Amino acid sequence: HAAGIRGAVDQALVDGTADAGGVVRLDPVPPNGSTGSPDGPDTPGGLLADLDLVFLCVPPDRMESALAFASARTRALLTDVASVKGPVMAAAARLAPRPRFIGGHPMAGSERHGYSVSSATLLENAVYVLTPPEEPADSSSPSEEPSAPSDLAALEDLVRTLGALPVVMPADRHDRAVAAVSHLPHLAASALCLLASDAGEDNPDEGGILRLLAAGGFRDLTRIASSDPALWTGIALASAPALVPILRRFRDRVESLETALAAGDADTLRALLDRGRAFRESLPLGARGAMGAAATLRVQIPDRPGELGRIATLLGEAGINIKDMGNRNSRLQENGCLAMLLPDDRQAVRAREILQEAGYDDLD
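Residues numbered from 1 in each chain as written. Predicted model: local features only at pLDDT ≥ 70, side-chain atom pairs only at ≥ 80, totals over all residues. Heavy atoms only, no water.

1. Notes on the environment of Ser 190
The following threshold applies: The helix count covers DSSP runs of H or I at least four residues long, the strand count covers runs of E at least two residues long, and both are numbered beginning at the N terminus.
You can see Ser 190 is positioned in helix α5 (residues 171-202). Sequence separation between Ser 190 and Ser 226 is 36 residues; the distance between their C-alpha atoms is 8.4 Å.

2. Side note on the sheet that holds strand β4 (residues 127-131)
Stated precisely, the cut-off is as follows: Strands pair, by our definition, only if DSSP identifies at least two bridges between them. To get an axis, fit a line to the C-alpha atoms, keeping to the stretch in contact for a helix; angles then go from 0 to 180 degrees between the N-to-C directions.
In spatial order, the strands read β1-β2-β3-β4-β5; together these 5 strands make up an open sheet with mixed pairing. Each edge of the sheet is formed by a strand with only one pairing partner; in this case those strands are β1 (53-56) and β5 (165-168). If you compare each strand with its neighbour and ignore which way they point, the axes differ by 30° on average.

3. Regarding the nonpolar core
Basically, it comes down to this: What is meant by a nonpolar core is a set of buried Ala, Val, Leu, Ile, Met, Phe, Trp, Tyr and Cys residues, joined one to another through side-chain atoms within 4.5 Å. Each residue is placed in one exposure class: buried if its accessible area under a 1.4 Å probe, protein chains only, is under 20% of its type's maximum, exposed if it is over 50%, and partly exposed if it falls in between. We call two residues contacting when some pair of their heavy atoms lies within 4.5 Å.
Ranked by internal contacts, the top residues of the largest apolar core, which has 20 residues, are Val 54, Leu 56, Met 63, Leu 67, Leu 78, Val 88 and Phe 101. Here this core takes 6 residues from helix α2 (residues 63-71), the largest share from any one element. Ignoring anything within four residues of it in the chain, the contact list for Val 88 reads Met 63, Leu 67, Asp 80, Ala 82 and Phe 101. Within the second largest apolar cluster, 16 residues are counted, among which are Leu 342, Ala 348, Ala 351 and Leu 355.

4. A closer look at the pattern of salt bridges
We apply this condition: Whenever a carboxyl oxygen of Asp or Glu lies within 4 Å of a side-chain nitrogen of Lys or Arg, that contact is scored as a salt bridge.
Tallied over the full model, the rule gives 9 salt bridges. For Arg 94, the salt bridge identified is with Glu 64, shortest N-O distance 3.0 Å. Of this pair, Arg 94 sits in helix α3 (residues 86-94) while Glu 64 sits in helix α2, placing them 30 residues apart in sequence. On the accessibility criterion, Arg 94 (53% relative accessible area) is exposed.

5. Re the pairing of β4
For β4, a buried count of 4 out of 5 residues is recorded, marking the element as mostly surrounded by other parts of the structure. As defined by bridge partners, strand β3 (residues 101-106) adjoins β4 across 4 bridges and the pair is classed as antiparallel. When the bridges of β4 are listed, Gly 104 appears paired with Leu 130. In this structure, β4 lies alongside β5, joined through 4 bridges in parallel fashion. Its bridge partner lying in β5, Val 129 is registered against Val 167.

6. Notes on the packing of aromatic side chains
Rule in force here: Only Phe, Tyr and Trp rings are paired, with Trp represented by its six-membered ring, and only when their centres lie within 6.5 Å; those with planes under 30 degrees apart are stacked, over 60 edge-to-face, the remainder tilted. Here, a charge over a ring means that NZ of Lys or CZ of Arg falls within 6 Å of the ring centre while also lying within 35 degrees of the ring normal.
Under the criterion given, the structure shown has 0 aromatic pairs. Geometry around Phe 69 places Arg 73 over its ring, the cationic atom sitting 3.7 Å from the centre.

7. With respect to the packing of α5 against helix α9 (residues 240-263)
Heads up, the rule is: Should the near helix be turned anticlockwise from the far one by less than a right angle, the crossing is left-handed, and should it be turned clockwise, the crossing is right-handed. Any residue outside Ala, Val, Leu, Ile, Met, Phe, Trp, Tyr, Cys, Pro, Asp, Glu, Lys and Arg is labelled polar, Gly included; the first ten of those are nonpolar and the last four are charged.
Following both chains from N to C, one finds α5 and α9 inclined at 60°, their axes separated by 9 Å at the closest point. In terms of crossing hand, the pair formed by α5 and α9 is right-handed. Together, Asp 175, Arg 176, Ala 179, Ala 180, His 183, Leu 184, Leu 187 and Ala 188 of α5 and Ala 242, Leu 243, Ile 246, Leu 247 and Phe 250 of α9 make up the contact between the two elements. Residue composition of the contact of α5 with α9, grouped by class: 10 nonpolar, 1 polar and 2 charged.

8. Quick look at the packing of α5 against helix α6 (residues 204-213)
Think of two packed helices as two axes; the pair is described by the angle between the axes and how far apart they sit. Their axes nearest at 5 Å, the elements α5 and α6 cross at an angle of 145°. Contacts from Ala 196, Ala 199, Gly 200, Glu 201 and Asp 202 of α5 reach α6 at Pro 204, Glu 206, Gly 207 and Leu 210. Classifying every residue of the contact of α5 with α6 gives 4 nonpolar, 2 polar and 3 charged.

9. Side note on the side chain of His 186
Within the element layout of this structure, His 186 appears in helix α5. Filtering out sequence-adjacent residues up to four positions away, His 186 remains in contact with Ile 224, Ser 227 and Trp 232.

10. So, unusual backbone geometry
Across the junction of Ala 96 and Pro 97, the peptide omega takes the value 0°, indicating a cis bond. Within the element layout of this structure, Pro 97 appears in the loop between α3 and β3.

11. Considering the confidence of the model for the chain
This is how the line gets drawn: As a per-residue measure, pLDDT reflects the predictor's confidence and takes values from 0 up to 100.
Per-residue pLDDT for the chain averages 82, and the proportion of residues at 70 or more is 84%. With pLDDT under 50 throughout, residues 139-144 is counted as low confidence; its partners more than four residues away or in other chains account for 8 contacts. Segment residues 329-334 is flagged for pLDDT under 50; beyond a separation of four residues in sequence, or across chains, it makes 8 contacts in the model.

12. Considerations on a nonpolar patch on the surface
What counts is decided by this rule: A patch consists of residues whose relative accessible area exceeds 30% and which take part in no salt bridge; residues with like charges are grouped when within 9 Å of each other, and nonpolar side chains (Val, Leu, Ile, Met, Phe, Trp, Tyr) when within 5 Å. With residues, only the protein chains shown are counted as cover, and all accessible areas are computed by Shrake-Rupley using a 1.4 Å probe.
Together, Leu 187, Leu 247, Phe 250 and Val 254 line one region of the surface with nonpolar side chains, adding up to about 290 Å² of accessible area. It is α9 that provides the largest number of residues to the nonpolar patch, a total of 3 residues. For Val 254, the location among the structural elements is in helix α9.

13. What to know about helix α11 (residues 307-317)
Here is the rule we go by: Summarising the geometry, the arc corresponds to the directions from the helix axis toward the C-beta atoms.
Three or more residues of α11 are buried, namely Glu 307, Ile 311 and Leu 315. The arc that holds every buried residue of α11, seen down its axis, measures 60°, which confines them to one face. Where α11 ends, the next residue or the one after it, Gly 319, has phi of about 80°, a positive value.

14. Some remarks on the side chain of Gln 347
Defined as follows: In the analysis that follows, any N or O atom pair within 3.5 Å is treated as a polar contact, provided that within protein one partner can donate a hydrogen and the other can accept it, and provided that, for residues neighboring in sequence, both atoms belong to side chains.
Its location among the elements puts Gln 347 in helix α12 (residues 345-357). Within the local environment of Gln 347, its side chain forms a polar contact with the backbone nitrogen of Asn 321, the two atoms lying 3.3 Å apart. The contacts of Gln 347, once residues within four sequence positions are left out, are Gly 319, Ile 320, Asn 321 and Leu 342.

15. Some details on the environment of Pro 241
You can see Pro 241 is positioned in helix α9. Overall, Pro 241 belongs to the exposed group, its relative accessible area being 69%. Spatially, the C-alpha atom of Pro 241 lies 9.3 Å from that of Ala 179, the residues being 62 residues apart in sequence.

So, in structure tokens, the structure goes:
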């Protein structure tokens, strides 16, 4: 991954996103607490010295090293963006002296990854969790730069400036909630894809049919299974203390559905589905949660040249970003179905209005 990281730094320097940059290697665990030799002013480590705030944006298995590396080189406030907070807060507490550190989790993202798919609006209306450190039981624990209330207030202000919604909570509460609404859905989406893949391997003809039929709702439902497997392996392992109990409860829910179906128990099945529907309908619109916010809009279009370009132009001129699109022309009639993945419900509603004004009536 080193070449990709260097490429991202180079691109950021070229387009002006970054003023300076460099690349260092972080071992999974700092050897005996070592943070390496002193850095010159023009080295990547030296660049940290005069900063006010440092974001640690590394995979979970590199976070402890990143904390040790940064805290030895700057008195700046440190924060991170990891989706599991307990292990990160514990790693920060192990450092002596304790750094000025506040955990962070911007709950927005995408199944796509890499600098080329960066978005300036990624954090708009997103929940941004902040987890301040707990005071150590031993008040005599060495701490030259403890995180202060003023640090939390400053970080909350910055989060609001980015367009996100700061929410302060303990790390353990965050980890339990995110295991249920983010990490479990990723594993469930992967399990659904594995199930469909297994059926195709057992019977190649059936696999072809599955792929054809899965091009609709199944593809939308399992979108997050396209996320970076290496990154999500680390996230899932770090989340295991909270994720394993949630997985067991999920298995119990699946067994409840299975039992009702096997018994032909319509009343129980209907009650379970109704509870699921009620919770889904209670979710707020406009806010963005742990999973990347996205909405799918489908429109029936004539099968003729120029239609895709016309729709893309109409939405592009309105500032609506199409994250993904595909023409599903598997029906018997001549028209095709264009499915577009848009950033959120708000943009999907606006896109529907624009396309209806342009004469596209068959939308869902």
